[in-house]
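Coordinates in review
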Protein chains: 2
Amino acid sequence: MAMLMRSLLPRVGILSPPVGCPRLIRCLSSAAVCPPARAAVYHQHGAPDHVLQLVEVEGRELLEGEVCVKMLAAPINPSDINRIEGVYPMRPPVPAVGGTEGVGVVVSVAPGVSKLKVNDWVIPSHPHIGTWRTYIAKEESAWCLVAKDVPEKYAATVSVNPCTALRMLQDIVDLKPGASVVQNGATSMVGQCVIQLARLNDLQTINLIRDRPDLDSVKERLKALGADYVLTEEELGSIDKKTLAGRAQAKLGLNCVGGSAATAVMKLLGEGGVMVTYGGMAKKPITLSTGPLIFKDLRLQGFWLGKWKSNHSDEEFSTMVNYLLRLVRDGKLQYAMDEVQFSDFDTALQKALGQQGSALKQVLIFN
Amino acid sequence: MAMLMRSLLPRVGILSPPVGCPRLIRCLSSAAVCPPARAAVYHQHGAPDHVLQLVEVEGRELLEGEVCVKMLAAPINPSDINRIEGVYPMRPPVPAVGGTEGVGVVVSVAPGVSKLKVNDWVIPSHPHIGTWRTYIAKEESAWCLVAKDVPEKYAATVSVNPCTALRMLQDIVDLKPGASVVQNGATSMVGQCVIQLARLNDLQTINLIRDRPDLDSVKERLKALGADYVLTEEELGSIDKKTLAGRAQAKLGLNCVGGSAATAVMKLLGEGGVMVTYGGMAKKPITLSTGPLIFKDLRLQGFWLGKWKSNHSDEEFSTMVNYLLRLVRDGKLQYAMDEVQFSDFDTALQKALGQQGSALKQVLIFN
């Protein structure tokens, strides 16, 4: 990926300096400003490692009601990749800055800003900000205040995957203590959160994972998080269901894979169980026979945090993320991440794209 | 199928005469009795045309609280076939009399019967009675009183397919006037009822049917019932969705086929639409991609009238069937059936099994 100076790029709206602020140095003396930034920008949809460019963006004076946020950390999520590829249903018009999630610190505020102040930590309230850049100027309402007593990488990653895990456990079916939840893709960040949030609520989890060379250590890691059962699809096929001691009657199933891994989840659902699909990593369809729908009363639905957000207030979103961050602070919620300097964006992107084998969640660190 | 006299069969509980009534003629003089009956019995599960036998069953004295019902008409439903084959989840122990639905007239009542009287029309409240026989002695609570002002064949067939159609339209999603419903298998009895009940509630229907030699006349017949659109899967694939004038945003989809016909139903669902599966005639699984589940909020569930009945009172069942029979009486609900004499059971069974090509619903008539 080439690193270009701003001047080499066509002048486009999102990157333009505001009118009346031709020289940053002049603005600094008279009004709140946002400094020049480095940003990962794409001008057209396509393979992220082809269309993304690290560019310099000029600074600009803040408009009334805006704050300037210096980004601290931002992850590369699969949905960010899909937005850049142009295959995600909700995506900003191009040109755009990549990234939707992250945490930053407020470094300056314009007149008219009432709630946020310098040194506050904030995360985007909505996914159209473009977080893969060092500084962002945006209206106050675009930000959600978060606690500062957690590692930056957690504040940067709380608003998508942990929220998805929490909502799916809370909103779909009434899970009484002792009830079982079955999920595939259990090593994913959502999967790890599901295990821990379920354990906090006295729920059992049956966790399906892909076979892999380090299978035993992965199983141990998930069990250390609170998983009751961890098994591969192959193991599920060969064991007597009674080995699961009646827990093969899950009320809730979570599917982020599709294909045979979704079938495996459905097999472990009990009468009236619901399988919620929130991803399709295998890029294979779900296949189900009609019998269990009719006679076992199985149900299938999807979950999309974007839709949840459009139906809930910013206050409800804030309450949720700060609840999750308190769990992080108290050592009740953790997940593995890989911190990478923003200057080493290419490497982080390659890892996120799976070009270097299975990799942890990549979290960009801005210094 | 062999026709055997009772004496050739092993003595089994359901067919045994009551103790203390060795000679029918003696009982007649002292208490209410049920006459000898002819019944279609199976002693083991298997292909219906192999395991069913028409046998003579001795009459017996009624026990306290029982009524004797002379059957008038009883259909052969696909679920009856599946029960005999042993593949239906809820089925009586063998030996058993075939059939679950039908209408009869009360011909005698024992002491302790409080609501039913001679000449009342009744249908079974629950599906374990075995309706393919000329006389049935059963406790009063096993029967549901129905109106006599409709043709026998409608009273005989109201309690499964029309009820399924009504419940699916009423209980799954909130359908405001003008909303659209899409269904496959639209020529089925449920399908025909859906068209008419939808029309009565100002709902639009998009009806998918199999291609067939008499396609145009079938389309005209369904449109005469109130169908807005009738098309084959092939036609659906070739037309511009706009031709459906925005109605390809159905809130409810009904699937009794599976396979590609289920995919076709899902294609015509709008945001948040629900596909309800109540049959799997194609014996092929449903295949769905993860995207529409997540981003279009599609939902899949099943419907089984047996489960509805187990959750509702006999009074609610009675209210429902008599509502539907009033629609029949008023000319608002009709469907094609083929009446066959019970003495010609073999032919009716062959037709119901599809051994004589596509056939109408077979309704046995008892004389």
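Look up a bit, the structure's there.
These figures come from a predicted structure and were not determined experimentally.

1. Some points on the overall build of chain A
- Helix and strand counts for chain A stand at 13 helices and 20 strands.
- Going through the 367 residues of chain A one by one, you find that 56% of them count as buried.
- Taking as baseline every contact in chain A between residues at least 6 positions apart, the subset at least 24 positions apart corresponds to 72%.
- By element, 51% of the accessible surface of chain A is carried by carbon and sulfur atoms, the whole surface being about 15600 Å².

2. Some points on empty space enclosed by the protein
Residue and element names in this part refer to chain A.
- In the structure shown here, the tally under the stated rule is 1 cavity of 30 Å³ or more.
- Of the volumes computed, that of the largest cavity is approximately 60 Å³.
- As for the largest cavity, its lining consists of 13 residues, of which Tyr42, Arg83, Val97, Gly99 and Thr100 are closest to the centre.
- The leading source of residues in the lining of the largest cavity is helix 3 (residues 78-85), at 3 residues.
- A per-class count over the lining of the largest cavity returns 6 nonpolar, 5 polar and 2 charged.

3. Notes on unusual backbone geometry
- Look at the link from Val94 of chain A to Pro95 of chain A: it is a cis peptide, with omega at -5°.
- Structurally, the position occupied by Pro95 of chain A is in the loop between helix 3 and strand 7 (96-97).
- With a phi angle near 50°, Lys283 of chain A is a residue other than glycine that sits in the positive phi range.
- With respect to the secondary-structure elements, Lys283 of chain A resides in the loop between strand 16 (269-277) and strand 17 (286-288).
- By relative accessible area, which is 74% here, Lys283 of chain A ends up exposed.
- One non-glycine residue, Asp297 of chain B, lies in the positive phi region at around 60°.

4. Observations regarding the state of the cysteines
- In the structure shown here, the tally under the stated rule is 2 disulfides over all chains.
- The residue that forms a disulfide with Cys34 of chain A is Cys68 of chain A, at a sulfur-sulfur distance of 2.0 Å. Because the sign of the S-S torsion sets the handedness, a value of about 70° for the bond joining Cys34 of chain A and Cys68 of chain A places this disulfide among the right-handed ones. Taken together, the positions of Cys34 of chain A in strand 2 (residues 33-34) and Cys68 of chain A in strand 6 (residues 66-76) put the pair 34 residues apart, joining distant regions of the chain. There is no split in this pair, since Cys34 of chain A and Cys68 of chain A are both buried.
- With no disulfide of its own, Cys144 of chain B lies closest to Cys163 of chain B among cysteine sulfurs, the gap being 9.1 Å.
- Cys144 of chain B gets classed as buried once you look at its relative accessible area, which sits at 5%.

5. Quick notes on the pairing of strand 9 (residues 121-124) of chain B
Residue and element names in this part refer to chain B.
- Judged by which residues are buried, strand 9 turns out to be covered on both faces: Trp121 and Ile123 on one side and Val122 and Pro124 on the other are all buried.
- Note that strand 8 (residues 103-109) and strand 9 share 2 bridges and pair antiparallel. Looking at strand 9, one finds that Gly104 is bridged to Val122.
- Of the strand pairs in this sheet, strand 9 and strand 11 (residues 143-146) are connected by 4 bridges, and their pairing is antiparallel. Note that in strand 11 the partner of Val122 across the bridge is Leu145.

6. With respect to the relation of the copies chain B and chain A
- Overlaying chain B on chain A yields an RMSD of 0.0 Å, the required transformation being a rotation through 180° with an accompanying axial translation of 0.0 Å. Viewed as a symmetry operation, the transformation between the two copies matches a two-fold axis.
- With an isologous cut-off of 70% or more, the 100% of interface residues of chain B that recur at the interface of chain A puts this contact in the isologous class.

7. A short note on the packing of helix 5 (residues 161-171) of chain B against helix 6 (residues 189-200) of chain B
Residues and elements named next belong to chain B.
- Running from N to C, helix 5 and helix 6 cross one another at 50°; their axes reach a closest spacing of 8 Å. Viewed along their axes, helix 5 and helix 6 adopt a mutual orientation that is oblique. Seen along the crossing, helix 5 lies across helix 6 with a hand that is right-handed. In this structure, helix 5 uses Asn161, Pro162, Thr164, Ala165, Leu166, Met168 and Leu169 to contact helix 6, whose residues at the interface are Met189, Val190, Cys193, Val194, Leu197 and Ala198.
- Split into classes, the residues belonging to the contact of helix 5 with helix 6 amount to 11 nonpolar, 2 polar and no charged.

8. Quick notes on the packing of helix 6 (residues 189-200) of chain A against helix 7 (residues 215-225) of chain A
Residues and elements named next belong to chain A.
- Relative to each other, helix 6 and helix 7 sit at 40°, their axes nearing to 8 Å. Considering the angle they form, helix 6 stands oblique to helix 7. Along its contact with helix 6, which presents Gln192, Ile195 and Gln196, the element helix 7 presents Arg221, Leu222 and Leu225.
- Of the residues that constitute the contact of helix 6 with helix 7, the class distribution is 3 nonpolar, 2 polar and 1 charged.

9. Observations concerning the side chain of Gln192 of chain A
Residues and elements named next belong to chain A.
- Position of Gln192 among the secondary structure elements: in helix 6.
- A distance of 3.0 Å separates a polar atom in the side chain of Gln192 from the backbone oxygen of Thr187.
- Discounting residues that sit within four places of it in the chain, Gln192 has contacts with Ala186, Thr187, Arg221, Leu222, Leu225, Gln334, Tyr335 and Ala336.

10. Focus on the interface of chain B and chain A
- Of the residues lining the interface, 25 residues belong to chain B; the matching set on chain A comes to 25 residues.
- Summing both partners gives a buried area of about 2200 Å² for chain B against chain A, and 68% of it is carried by carbon and sulfur.
- Our count for the chain B to chain A interface comes out at 2 salt bridges.
- Ionic pairing is found between Glu271 of chain B and Lys307 of chain A, a salt bridge with its closest N-O pair at 3.5 Å.
- Inspection of the region where chain B meets chain A yields 5 residue pairs in polar contact (both at pLDDT 80 or more).
- Mapped by element, the contributors of at least two residues to the side of chain B that touches chain A are strand 16 (269-277), strand 17 (286-288), helix 10 (290-295) and strand 18 (299-302) of chain B.
- Taken together, the residues of the side of chain B that touches chain A sort by class into 13 nonpolar, 8 polar and 4 charged.
- With 3 bridges connecting them, strand 17 of chain A and strand 17 of chain B associate as antiparallel partners. Paired with Leu288 of chain A across the bridge in strand 17 of chain B is Ile286 of chain B.

11. Digging into the environment of Leu215 of chain B
Residue and element names in this part refer to chain B.
- With respect to the element layout, Leu215 can be found in helix 7 (residues 215-225).
- Classification of Leu215 by relative accessible area gives buried; the value is 11%.
- C-alpha separation for the pair Leu215 and Val230, spaced 15 residues apart in sequence, amounts to 9.8 Å.

12. Considerations on helix 13 (residues 345-352) of chain A
All names here are of chain A.
- Along helix 13, the residues that are buried comprise Phe345, Ala348 and Leu349. Here the buried residues of helix 13 occupy an arc of 100° about the axis, which is enough to place them on one side.
- Of the residues trailing helix 13, Gly354 is marked for its positive phi of about 80°.

13. Details of the side chain of Asp297 of chain A
- Within the secondary structure layout, Asp297 of chain A lies in the loop between helix 10 (290-295) and strand 18 (299-302).
- Among residues more than four places away in sequence, those in contact with Asp297 of chain A are Glu271, Gly272, Gly273 and Pro292 of chain A together with Gly302 and Lys307 of chain B.

About the cut-offs
- Residues numbered from 1 in each chain as written.
- Chains lettered and ligands numbered in written order.
- Predicted model: local features only at pLDDT ≥ 70, side-chain atom pairs only at ≥ 80, totals over all residues.
- Heavy atoms only, no water.
- Helix = DSSP H or I, 4+ residues; strand = E, 2+ residues; numbered from the N terminus.
- Buried < 20%, exposed > 50% of the residue type's maximum accessible area, 1.4 Å probe, protein only.
- Contact = heavy atoms within 4.5 Å.
- Areas by Shrake-Rupley, 256 points an atom, 1.4 Å probe, with all protein chains shown as cover.
- 1 Å grid on protein atoms, 1.4 Å probe; cavity = no way out; pocket = protein on both sides within 12 Å on 5 of 7 lines; lining within 4 Å.
- Points joined across faces, edges and corners; volume = space filled by probe spheres on them.
- Nonpolar A, V, L, I, M, F, W, Y, C, P; charged D, E, K, R; others polar.
- Disulfide = S-S within 2.5 Å.
- Pairing = 2+ DSSP bridges.
- Least-squares fit on C-alpha atoms with pLDDT ≥ 70 in both.
- Axes fitted to C-alpha atoms, helices over the stretch in contact; angles between N-to-C directions.
- Parallel < 35°, antiparallel > 145°, perpendicular 65-115°, else oblique.
- Left-handed = near helix turned anticlockwise from the far one by under 90°.
- Polar contact = N/O pair within 3.5 Å; in protein donor to acceptor, adjacent residues only side chain to side chain.
- Buried area = accessible area lost by both parts, 1.4 Å probe.
- Salt bridge = Lys/Arg side-chain N within 4 Å of Asp/Glu carboxyl O.
- Arc of directions from axis to C-beta.

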